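Residue-level listing of the chains:
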Amino acid sequence: MEQRKKDITILAIESSCDETAAAVVVNGREVKSNVISSQIDLHTLYGGVVPEIASRKHIEKIDQVIAEAMEEAKVTWDDLDAIGVTYGPGLVGALLVGVAEAKAISYARKLPLIPVHHIEGHISANYIENKELEPPFLCLVVSGGHTHLVKVTDYGKYEILGRTRDDAAGEAFDKVARAIGLGYPGGPKIEKVAKEGNPQAIAFPRGKVGDGVYDFSFSGLKSAVLNYLNGCKMKGETIVEADVAASFQKAVTDVLVGHAMDALDEYHMDKFAIAGGVASNGTIRQAMEEACREKGVKFYHPSPILCTDNAAMIGAAAYYDFLAGKRAGLDLNAIPNLKLGDTL
């Protein structure tokens, strides 16, 4: 059996939504480069991500982004041990661009192809900055498309304790921001405006799911905000945008923190991490940190650049999948509704 090199160097590709990203990651935790080409200014014109435009932009940018990542990392094709790529979940057209590129490189350079689940990538972002973090731990993944409370039992092994039944938290942020008139992307805009508001000003509901104690529901909260705004307009009352934003953000935060802390108690875990784009929200992060401190639980979170979609997190996840022997053939396809825990 061939002796494996001490270091495993992986080129990772991420194109699940509106960021074209490539990174070079060594041993799952050392990031040599992390290049992200964002399309956010383009999609802002339309008030959200337009899938066809996202796919086209990925095609335009992907070669350039990979070349930049390789150059920044000072590596050649011969230095690589594998290619990691997001194959789901996400926008199917966007995913296909990254998958096709990864398959082409894998074939041309005779490199193993490692298929990576996007949510697994978000969870693995915590390994990059927290070198001491190892499973088991609880992780809350909160992004534009996902809200998952996950028990990470081992590298690549997950038990989903709860997930959203309707809107993801980030999706609710975007829709409420649009209703208030703040525009896209909603998360950062609501967080900024909420700093000027009173989070106790409006009593918005905290969604509960009767048959799923750790499941989330943000659709009712979103509707409550829309009803409040419509009610104010009909009565001719002044709408204080900052108060609406702060009260909405507080309602989301309370549910996220409440579910997380209950799960920590039930599963007797002493490590808790957050991940995903919404995890870069300072108010949510601070509330989680304080709640964990009160319980004596160690709290982990990636820096904002590793919370939003990036390829470094895909490289981190791909490393542990590589060690576990996970490989894909050239028949790998994009799976837009891929569930965490699904295997090829």
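Residues numbered from 1 in each chain as written. Predicted model: local features only at pLDDT ≥ 70, side-chain atom pairs only at ≥ 80, totals over all residues. Heavy atoms only, no water.

## Here we look at the environment of Leu-96
How we decide: In this text, helices come from DSSP runs of H or I with a minimum length of four residues, and strands from runs of E with a minimum of two, each type numbered from the N-terminal end. Throughout, a contact is declared for two residues whenever any of their heavy atoms are within 4.5 Å.
Of note, Leu-96 is situated in helix H3 (residues 92-109). Separated by 27 residues in the primary sequence, Leu-96 and Ala-69 have C-alpha atoms spaced 20 Å apart. Setting aside its immediate chain neighbours within four residues, Leu-96 contacts Asn-333 and Ala-334.

## Digging into the pattern of salt bridges
Note the following rule: We define a salt bridge as a contact between a side-chain nitrogen of Lys or Arg and a carboxyl oxygen of Asp or Glu at a distance within 4 Å. Each residue is placed in one exposure class: buried if its accessible area under a 1.4 Å probe, protein chains only, is under 20% of its type's maximum, exposed if it is over 50%, and partly exposed if it falls in between.
For the coordinates displayed, the defined rule picks out eleven salt bridges. Across the salt bridge formed by Lys-32 and Glu-30, the nearest N and O atoms sit 2.8 Å from each other. Taking the relative accessible area as the measure of exposure, Lys-32 reaches 37% and is therefore partly exposed. Here Asp-215 and Arg-165 are joined by a salt bridge, their closest N and O atoms 2.6 Å apart.

## Some thoughts on the pairing of strand E2 (residues 19-26)
Put simply, the test is: In short, DSSP must find at least two bridges between two strands for them to pair.
Among the eight residues that make up E2, eight are buried, leaving the element largely enclosed by the rest of the structure. Between strand E1 (residues 9-14) and E2, which pair antiparallel and follow one another directly, the connecting turn spans four residues. Taken together, E2 and the strand that follows it, strand E3 (residues 30-38), pair antiparallel across an intervening segment of three residues, in which Asn-27 is found at a positive phi of about 55 degrees.

## Observations concerning the nonpolar core
Cut-off, in case you're wondering: Among buried residues, those of type Ala, Val, Leu, Ile, Met, Phe, Trp, Tyr and Cys that are joined through side-chain atoms within 4.5 Å constitute a nonpolar core.
Of all hydrophobic cores here, the largest spans 47 residues; its most connected members are Leu-140, Phe-218, Phe-248, Leu-256, Phe-272 and Met-288. Within the residue set of this core, elements represented by two or more residues are strand E6 (137-142), helix H5 (169-180), helix H6 (186-194), helix H7 (219-235), helix H8 (241-267), strand E9 (271-275) and helix H9 (282-295). A per-element tally of this core places H8 first, with 13 residues. Not counting the four nearest positions on each side in its chain, Phe-272 is found in contact with Leu-138, Leu-140, Leu-149, Ala-260, Leu-264, Met-288, Cys-292, Val-297, Lys-298, Phe-299 and Tyr-300. Within the second largest apolar cluster, 36 residues are counted, among which are Ile-10, Cys-139, Val-150 and Ala-316.

## So, the sheet that holds strand E10 (residues 298-300)
Heads up, the rule is: Helix axes are fitted only over the stretch in contact, all axes being lines through C-alpha atoms; the angle between N-to-C directions runs from 0 to 180 degrees.
In space, the five strands of this open sheet follow the order E8-E7-E6-E9-E10, with mixed pairing throughout. Two strands lie at the open edges of the sheet, namely strand E8 (157-163) and E10, each paired on one side alone. Going across the sheet, the axis of each strand differs from the next one's by a mean of 25 degrees, ignoring polarity. In the sheet, E6 pairs with E9 via four bridges, with the strands oriented parallel. Paired with Leu-140 across the bridge in E9 is Ile-274. Where helix H4 (residues 118-129) meets the sheet, its contacts fall on E6, strand E7 (147-154), E8, E9 and E10, and the angle it forms with E6 comes to roughly 125 degrees.

## Quick notes on the pairing of strand E4 (residues 82-88)
With respect to burial, E4 is a largely interior element, seven of its seven residues being buried. Both E1 and E4 contribute to a ladder of four bridges, which runs parallel. Bridge pairing in E4 links Ala-12 to Gly-84.

## Quick word on the environment of Tyr-214
Take Tyr-214: it is sitting in the loop between H6 and H7. Measuring from C-alpha to C-alpha, the distance between Tyr-214 and Leu-256 comes to 9.5 Å, with 42 residues separating the pair along the chain. For Tyr-214, the residues in contact, after removing those within four places along its chain, are Leu-149, Leu-161, Gly-162, Arg-163, His-259, Asp-262, Ala-263, Glu-266 and Tyr-267.

## A few points about the side chain of Arg-285
Put simply, the test is: Residues scored as positive are Lys and Arg, those scored as negative are Asp and Glu, and His as well as the terminal groups of each chain are ignored.
In this structure, Arg-285 sits in helix H9. Despite its burial, Arg-285 pairs with no opposite charge; the closest candidate is Glu-289, at 5.7 Å N-O. Among residues more than four places away in sequence, those in contact with Arg-285 are Ile-274, Ala-279, Ser-280, Phe-299 and His-301.

## A word on H7
Applicable threshold: An expected span of 1.5 Å times one less than the residue number is assigned to each helix.
With 17 residues, H7 should reach 24 Å at 1.5 Å per residue; the first-to-last C-alpha distance of 24 Å fits that figure. Within the sequence span of H7, burial applies to Leu-221, Lys-222, Val-225, Leu-229, Gly-231 and Cys-232. Those residues of H7 that are buried lie in contact with H5 and H8. Among the residues trailing H7, Gly-236 stands out with phi positive, at a value near 75 degrees.

## Looking at the state of the cysteines
Cut-off, in case you're wondering: Criterion for a disulfide: a pair of cysteine sulfur atoms within 2.5 Å.
Counted according to the given criterion, the structure contains zero disulfides. As a non-bridged cysteine, Cys-292 has Cys-139 as the owner of its nearest cysteine sulfur, 11 Å distant. Exposure remark for Cys-292: the relative accessible area of 0% places this residue in the buried category. Cys-139 provides the cysteine sulfur closest to Cys-307, a residue in no disulfide bond, and the two sulfurs are 10 Å apart.

## As for helix H11 (residues 312-323)
The terminal C-alpha atoms of H11 lie 17 Å apart, and with twelve residues this matches the ideal 16 Å at 1.5 Å per residue to within 8%. Counting buried positions over the twelve residues of H11 gives eleven, a clear majority of the element. Taken together, the buried positions of H11 are occupied by Ala-312, Met-313, Ile-314, Gly-315, Ala-316, Ala-317, Ala-318, Tyr-319, Tyr-320, Asp-321 and Phe-322. Two residues or fewer past H11, Gly-325 is found with a positive phi of approximately 85 degrees.

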